[in-house]
Amino acid sequence: MSITVMPYPTTVKQDVVDNYHGTEVADPYRWLEVDTAKEVEAWVRAQNEVTFDYLHKIPFRQQLRDRYEELYNFTKLSAPRRVGKSLVYYKNDGLQNQAVIYIVDENGREEVLLDPNTYSEAGTTAISIAGISKDDKYMAFSIQEAGSDWRTFKIMDIASREMLEDELNWVKFSGAAWHKDGFFYSRYPEPEAGTELSKANSFHSVYYHRLGSDQSEDQLIYRDEQQPRMYHNTSVTEDGDYLILYKASGTDGYETWYKPLKEGIAANFLPLYQGFEQKNSVIDHRDGYFYVLTDVDAPNYRLVKVPVSNPGVDHWSEVIPESEFLLENVQTGGGRLYGQFLEKATHSIYEYDYDGQQLKQISLPGTGSVGGFGGKKEDEEFYYTYTSFIYPPTIFKYDMESGESEKYFESDLAFNPEEYEEKQVSYPSLDGTMVSMFIVHKKGLALDGQRPTYLYGYGGFNISLTPSFSASRILLLENGGVFAMPNLRGGGEYGETWHEAGMLDKKQNVFDDFIAAAEYLKKENYTSTEKLAIAGRSNGGLLVGACMTQHPEMFQVAFPGVGVLDMLRYHKFTVGWGWVPEYGSSDDAEQFAYLYKYSPLHNLQEGQSYPATMITTADHDDRVVPAHSFKFAARLQEVQAGSAPVLIRIDTDAGHGAGKPTSMILDEQADLWSFFFYHTGGVEMDNK
């Protein structure tokens, strides 16, 4: 059947023009940036009416939602962490809106510690552990409302389950680094009413909170009065001797400082490494040395031993040298080091002693992703999660003495991985650079060029895309579709060199890599233009926006999710200024030139036929503010010359993605796959 789109809401155009270094740029939808304005709220309601009218007319939407609810209804468990003689973990029994925090005693008795589902009837309150005190008596936890990045910290006495009266507000991008009878944390000043979700955040400051005191009494530990646009995060070494401070001007490099806590929390910070071009993370302190994961003279990273008394680079000694593979992380536990490597975008784990001698490689079930390796110095065992595209997340218990792993928790999801296959291929990008890509589909699938294909990417901020399981993705695979995920430049899969090849004035490489992935999938007869969708979220939303404006003829469907789509003004909202090291800024004439050249909002053309597009965002997204999506949708609806629909799906009481309740996830994914299959053809619901 053919579905007719309701008339798009009228979006008023205003005469707003900015002059960027001599270039005049119109911004007629500037008024959509004021997310709290009544006219914007009315526009959102009108757009959602059009969107949901269309989606609910798709004949198999309800079948897909029912099937996804069936698939999603399985127990989900995080890797446990030891707290005293007990274990603490997150668990969702299946369809709970939010995961519940449980504690299990040494006899295996399980008890609810915190249930966020009791905080909000709509399930929009999420709770996370921010930090547990060194003596395992107290737990600081964060409360997140409606998906916003803002957090409220509260504290529980773990043994009695009693809540302390302490409450810390306006916390953002922070954990709780415990020290003695309190903890260090980072917060912003309270914003003006009505600007909480849009105004640029300044003066990220470190405080020390003492248990039992009011937040107004918290001691200011660090604030940079000269540079208000900085991130400041802290950690305390496991032995409690040092407070580590990371100062970042954005989302790339950072300075590393340390404070000797034996001299008191008012002692001065000392520099370990200054300058914002490199990354140096303190993994541990032992016998007067910091163990530091660094990319200094090592784009694939290495672990070095740094004397606290003389931390200059000339005095560093190598523990784990740089190799051909990315040393993604190093964890400690039981007096050993665990190096987590990315080898062709899949994880390998090696165990070392503190002298850097490799003791063993940890055996994993296959080529996939792991998380959770490491523990406390006194631990003899710990728990980790392993997953791949066709291997549901499974928890293993690792015995340090024997070096053996045993299954602790296996998913009860009704899914047979034997029916599917995952592979990794390589293809040349526009400039000849070889790019790796994962492809997943049913075994024995006919590669006839007619497979509905979902091409997903990110390519930025040094973030690595590794194999992971998705119940939602089963809807694609069991209906004869193909999932493809390339490891684009700008990501972290192949080290800092790979990241730098896709940032600033080299950002076009990322788009070229994605376009080349689409060309490969067509050439190898997986799919065709009429069957191909592209998708990405956040920086990946930018990726989709750029590719669909540069090559609209190549794709049938586009899903720009919570995307950075206005590259000339992104840095003016919330924490967007922190992305300038990655993207550049329109305030700089040279950087403006390349940003303007690819900015999705500014490259939509009159009279052009664009793919069927469903833009997704949320009203409480204070990471990538919804104005990006609002303005892009308005402009795309204005210029679309073809018959393909342009929809914007705007969640209410939701944010950038974290903390979204299960009910919203089920609806959103049902809408996405319905739109996908309706425009690419081929849904086999009668077989399910």
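Please refer to the structure placed before this passage.
Not measured: the values here are computed from a predicted model.

A.B. asks: Any details on the packing of helix α1 (residues 38–55) against helix α10 (residues 662–680)? Residues and values, ideally.
C.D. replies: In the contact formed by α1 and α10, the axes pass within 10 Å of each other and the chain directions differ by 60 degrees. Remark: the crossing between α1 and α10 carries left-handed chirality. Contacts between α1 and α10 involve F52, Y54 and L55 from the former and D671, F675, Y678 and H679 from the latter.

A.B. asks: With reference to specific residues and values, describe the side chain of T51.
C.D. replies: Its location among the elements puts T51 in helix α1. On the basis of relative accessible area, T51 is assigned to the buried category, the value being 0%. In this structure, T51 is in contact with L647, I648 and R649, ignoring residues within four places of it in sequence.

A.B. asks: Quick one: what's the story with the nonpolar core, residue by residue and with numbers?
C.D. replies: Counting 132 residues, the largest nonpolar core has F290, M437, L455, F559 and Y583 as the members making the most contacts within it. When neighbours within four sequence positions are excluded, L455 is seen to be in contact with M437, A484, P486, F514, A517, A518, L521, L532, A533, I534 and A535. V330, L342, Y350 and Y352 belong to the second-largest nonpolar core, a separate cluster that totals 15 residues.

A.B. asks: Break down α1 for me, with residues and values.
C.D. replies: Helix length check: α1 (18 residues) gives 26 Å between terminal C-alpha atoms against 26 Å at 1.5 Å per residue, within 8%. Of the residues making up α1, those classed as buried are V40, W43, V44, Q47, N48, V50, T51, Y54 and L55. Viewed end-on, α1 has its buried residues packed into an arc of 160 degrees, placing them on one side of the element. Exposed and oriented more than 90 degrees from the buried face of α1 are K38, R45 and E49. The elements touched by buried residues of α1 are α2 (61–72), β38 (612–618), α9 (627–639), β39 (646–651) and α10.

A.B. asks: Explain the packing of aromatic side chains residue by residue, including any values.
C.D. replies: Evaluation of the coordinates by the stated rule reveals 54 aromatic pairs. Between Y54 and F675, the aromatic rings sit 6.1 Å apart at their centres with planes inclined by 55 degrees, giving tilted as the arrangement. You can see Y54 sitting in helix α1 and its partner F675 sitting in helix α10, a full 621 residues away along the chain. We note that Y54, like F675, is buried. Among the aromatic residues, ring-to-ring pairing joins Y54, F389, F438, Y454, F483, F559, W673, F675, F676, F677 and Y678 into one connected group. Of note, K91 hangs over the ring of Y102, and the distance from its end group to the ring centre comes to 4.6 Å. The residue whose ring lies beneath K259 is F269, and the NZ or CZ to ring-centre distance is 4.3 Å.

What counts, and at which threshold
Residue positions are given per chain, counting from 1 as you read along its sequence in written order. For a predicted model such as this one, the threshold for reporting local features is a pLDDT of at least 70, and the threshold for listing and counting side-chain atom pairs is 80 or more; totals across whole chains, interfaces and linings nevertheless cover every residue. Values shown for side chains rest on all heavy atoms present in the structure; no hydrogens or waters enter the calculation. Axis geometry follows a simple rule: fit a line to the C-alpha atoms, using only the stretch in contact for helices, then measure angles between N-to-C directions, giving values from 0 to 180 degrees. By definition, any uninterrupted DSSP run of H or I lasting at least four residues is a helix, any uninterrupted run of E lasting at least two residues is a strand, and each is numbered from the N terminus. Put simply, a crossing is left-handed when the front helix is turned counterclockwise from the back one by less than a right angle, and right-handed when it is turned clockwise. Residues count as neighbours in contact if any of their non-hydrogen atoms are within 4.5 Å of one another. Burial classes follow relative accessibility: with a 1.4 Å probe on protein chains only, a residue under 20% of its type's maximum area counts as buried, one over 50% as exposed, and anything between as partly exposed. Nine residue types can take part in a nonpolar core, namely buried Ala, Val, Leu, Ile, Met, Phe, Trp, Tyr and Cys, and a core is a set of them joined through side-chain atoms within 4.5 Å. The span one expects for a helix is its residue count, reduced by one, times 1.5 Å. Taking the helix axis as origin, the arc is that swept by the directions to the C-beta atoms. For this analysis, a ring pair means two rings from Phe, Tyr or Trp (six-membered ring only for Trp) whose centres lie within 6.5 Å, classed as stacked if their planes differ by under 30 degrees, edge-to-face if by over 60, and tilted for the remaining angles. Lysine NZ or arginine CZ positioned within 6 Å of the ring centre and within 35 degrees of the ring normal marks a charge as sitting over the ring.

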